[in-house]
Amino acid sequence: MQDKLKILKMTNKTFFKQVGGSHYKEMKIQPSVFINENNLQFAEGNAIKYICRHKLKGKKEDILKAIHYLEMILERDYNGL
C-alpha cells in the first residue's frame, strides 16, 4: 500500500507534465513513472521510453533508437553484441 501511495504522490506532481507533444499522456503508466519507480539506469530507461512511444511519435526511428540503447546495454554489461 505504501508503494502505491508513493506512486500516486509522484504522479500528482511533475510526472504528468509533458513539455512538447502529448504522446505519453494517453498511457496507463507513464514511462517516466515506471523508469523512476524501478530505479532503471539511463540506457534501460531510454529503451523503454522509445519502445512505449514509437506508434504515437517516432515510428521506425524510435524503434531504431531503442535498439541503439539496447546495444549499449549489451556492450556495457555483457562485453559487446
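The structure we're discussing is the one just above.
None of these values were measured; they are calculated from a predicted model.

**Student:** It is not clear to me how the overall build of the chain should be interpreted in this structure. Could you clarify?
**Tutor:** A tally of regular secondary structure across the chain gives 4 helices and 0 strands. Per-residue burial over the chain gives 28% buried out of 81 residues. If you take every contact in the chain between residues at least 6 apart in sequence, the share linking residues at least 24 apart comes to 38%. For the chain, the exposed surface amounts to about 6,300 Å²; the carbon and sulfur share of it is 57%.

**Student:** Got a minute to help me understand the environment of isoleucine 73 in this structure?
**Tutor:** Position of isoleucine 73 among the secondary structure elements: in helix H4 (residues 60-78). Considered as a pair, isoleucine 73 and glutamate 44 are 29 residues apart in the sequence and their alpha carbons are 7.4 Å apart. Ignoring anything within four residues of it in the chain, the contact list for isoleucine 73 reads Ala43, Glu44 and Tyr78.

**Student:** Just to check I follow, could you spell out the nonpolar core for this structure?
**Tutor:** When a protein is soluble and globular, its nonpolar side chains tend to lie buried together. Among the nonpolar cores identified, the biggest contains 6 residues, and these are Ala43, Ala47, Tyr50, Ala66, Tyr69 and Ile73. If we skip the residues at most four places from it in the chain, alanine 47 touches Ala66, Tyr69 and Leu70.

Each value, and the rule that gives it
Residues numbered from 1 in each chain as written. Predicted model: local features only at pLDDT ≥ 70, side-chain atom pairs only at ≥ 80, totals over all residues. Heavy atoms only, no water. Helix = DSSP H or I, 4+ residues; strand = E, 2+ residues; numbered from the N terminus. Buried < 20%, exposed > 50% of the residue type's maximum accessible area, 1.4 Å probe, protein only. Contact = heavy atoms within 4.5 Å. Areas by Shrake-Rupley, 256 points an atom, 1.4 Å probe, with all protein chains shown as cover. Core = buried A, V, L, I, M, F, W, Y, C linked by side-chain atoms within 4.5 Å.

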